[in-house]
Amino acid sequence: MELRSKGFFAACLYGFVSISITFFNKGVFSIYHFDFAMLMTLAQMILSIVFLLVMRRLKLVDFPNFEWQTAKTILPLSFCFYAMVTTGLAALKVLNVPMFNALRRITTLITLKLELYMLGRTVSLPVEQSVWLQLAGAVVAAMYDWTFDMWGYILVLINCAVTAGYLVWIAKLGHVSNLNSFGQMFYNNVLALPWVLMTAWFNGELSAVSSFPYLWSFKFHVFFIISCSQAFLLNYAIFLCTNVNSALTTSVVGQLKNILTTVVGLFLFGDVVFDTMNLLGLAIGTFASIWYSHIRYQESQRPKKDFVPTVKPDLLLDLKSTVKTI
């Protein structure tokens with residue numbers, strides 16, 4: 001009973017945080033009009049590093065000290081992490097949540113194609129059909145998106161490509177560094193920090209933020225810190241849910257989260273122009289995503305000789321995440 005309670009708590013924690021971080025991040029941009037995505041990324045990375053060091057000090061997590069030799073090994077991976085996180089937040093700033101969710105599903109298709117090319121991994125026909133249906137749903141929704149933003153679409157497509165590359169690169173080279181998930185998180189944030197700082201300086205955010213009207217607002221500070229803190233908490237919740245339950249449970253909770261954020265996102269921020277075909281496209285993408293998870297579950301129950309494993313994009317997407325969002 002105690003184990004079931006822990007599993008239920010871990011699943012609920014992951015579900016709550018993964019929903020909360022999407023809306024808090026979007027709220028910073030839409031409610032307070034904080035147009036400084038790089039500075040928000042910078043704050044998330046700094047807090048993640050601090051939390052990791054504190055939790056290691058408390059012996060809640062374990063990872064090795066920073067070493068330049070290890071850093072050189074995973075530097076290219078960390079640059080992908082930087083590109084993934086920054087483009088994800090920048091895209092979320094200009095796109096509404098339902099379209100952001102729909103377009104990000106394209107990552108799954110790119111991941112499968114990269115796995116085939118780089119790792120020689122193949123998938124079953126039903127899996128491929130479900131992934132192409134996700135793409136079809138995104139295309140239909142995009143064709144009738146009356147809040148269309150070209151820059152936002154470019155950013156989210158870049159994010160899909162970089163995220164897919166990051167996931168496959170982990171599968172291909174991740175074992176070289178011998179780091180666990182927290183060690184990888186620590187190195188990624190430390191190594192990406194200078195890139196984010198330089199980007200914030202280059203695009204003028206470091207100087208422009210001084211004129212932000214809510215800069216000294218206590219309510220904004222609380223909102224901003226909660227939003228940035230959840231980037232680390234999301235990663236820890238994924239780790240906890242996967243270990244106490246399973247990767248499958250985490251994936252199912254992730255799918256439920258996507259459905260809920262899409263539905264709530266239609267109404268919460270007032271940035272969605274309702275159109276029947278757009279809603280149909282969103283529904284198709286959501287159905288295809290659920291179908292994909294169902295097929296993966298069925299395949300996971302077969303004997304290993306009949307099942308060719310592949311990277312689980314829906315789960316690892318949240319590990320950046322992120323969006324969604326470290």
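Heads up: the structure comes first, above all this text.
Residues numbered from 1 in each chain as written. Predicted model: local features only at pLDDT ≥ 70, side-chain atom pairs only at ≥ 80, totals over all residues. Heavy atoms only, no water.

For this particular structure, what's the right way to read the overall build of the protein chain?
For the protein chain, the count of helices and strands is 13 helices and zero strands. For the protein chain, the succession of helices and strands along the chain, N to C, is α-α-α-α-α-α-α-α-α-α-α-α-α. Buried residues in the protein chain amount to 52% of all 326 residues. As presented, the protein chain carries roughly 15400 Å² of accessible surface, and 70% of it is formed by carbon and sulfur atoms. (Helix = DSSP H or I, 4+ residues; strand = E, 2+ residues; numbered from the N terminus. Buried < 20%, exposed > 50% of the residue type's maximum accessible area, 1.4 Å probe, protein only. Areas by Shrake-Rupley, 256 points an atom, 1.4 Å probe, with all protein chains shown as cover.)

I tried to follow helix H8 (residues 181-202) on my own but got confused; where do I start?
Spacing of three or four residues puts side chains on the same side of an α-helix, whose turn is 3.6 residues. Between the first and last C-alpha of H8 there are 31 Å, a value that for 22 residues agrees with the 32 Å anticipated at 1.5 Å per step. When H8 is considered as a whole, its buried residues turn out to be Phe-182, Gly-183, Gln-184, Met-185, Phe-186, Tyr-187, Asn-188, Asn-189, Leu-191, Ala-192, Val-196 and Ala-200. Phi turns positive one or two residues past the end of H8, at Gly-204, with a value near 90°. (Expected span 1.5 Å × (residues − 1).)

Before we go on, may I ask you to explain the pattern of salt bridges in this structure?
Pairing is possible between side chains of opposite charge, provided their charged atoms come close. Throughout the structure, instances matching the rule amount to three salt bridges. For the salt bridge of Asp-271 with Lys-26, the shortest nitrogen-to-oxygen distance reads 3.6 Å. Placement of the pair is Asp-271 in the loop between helix H11 (247-268) and helix H12 (276-300) and Lys-26 in helix H1 (residues 2-30), with a sequence separation of 245 residues. (Salt bridge = Lys/Arg side-chain N within 4 Å of Asp/Glu carboxyl O.)

Explanation requested: the packing of aromatic side chains in the structure shown.
To describe a pair of aromatic rings, one takes the distance between the centres and the angle between the planes. Taken as a whole, this structure holds 27 aromatic pairs when the rule is applied. Relative to Tyr-187, the ring of Phe-66 has its centre 5.1 Å away and its plane inclined at 20°; by these criteria the two rings are stacked. In this pair, Phe-66 sits in the loop between helix H2 (37-57) and helix H3 (68-94) while Tyr-187 sits in helix H8, placing the two residues 121 residues apart along the sequence. With centroids separated by 4.5 Å and ring planes inclined at 55°, the aromatic side chains of Phe-148 and Tyr-153 adopt a geometry described as tilted. Among the aromatic residues, those joined into a ring-pair cluster are Phe-24, Tyr-32, Phe-34, Phe-36, Phe-212, Tyr-214, Phe-220, Phe-223 and Phe-224. (Phe/Tyr/Trp six-rings, centres within 6.5 Å; stacked < 30°, edge-to-face > 60°.)

Whenever I open this one, a nonpolar patch on the surface confuses me. Can you help?
Residues Leu-260, Val-263, Val-264, Phe-267, Leu-268, Phe-274 and Leu-279 make up a contiguous nonpolar surface patch of about 610 Å² in total accessible area. Of all the elements, H11 adds the most residues to the nonpolar patch, at five residues. When its relative accessible area of 58% is taken as the criterion, Phe-267 is described as exposed. (Patch = residues over 30% accessible without salt bridge, like charges linked within 9 Å, V, L, I, M, F, W, Y side chains within 5 Å.)

How should I be thinking about the side chain of Asn-159 in this particular structure?
On the secondary structure map, Asn-159 appears in helix H7 (residues 150-177). Polar contacts involving the side chain of Asn-159 include one to the main-chain carbonyl oxygen of Met-84, which spans 2.6 Å. Those residues in contact with Asn-159, other than ones at most four positions away along the chain, are Met-84, Thr-87, Gly-88 and Arg-104. (Polar contact = N/O pair within 3.5 Å; in protein donor to acceptor, adjacent residues only side chain to side chain. Contact = heavy atoms within 4.5 Å.)

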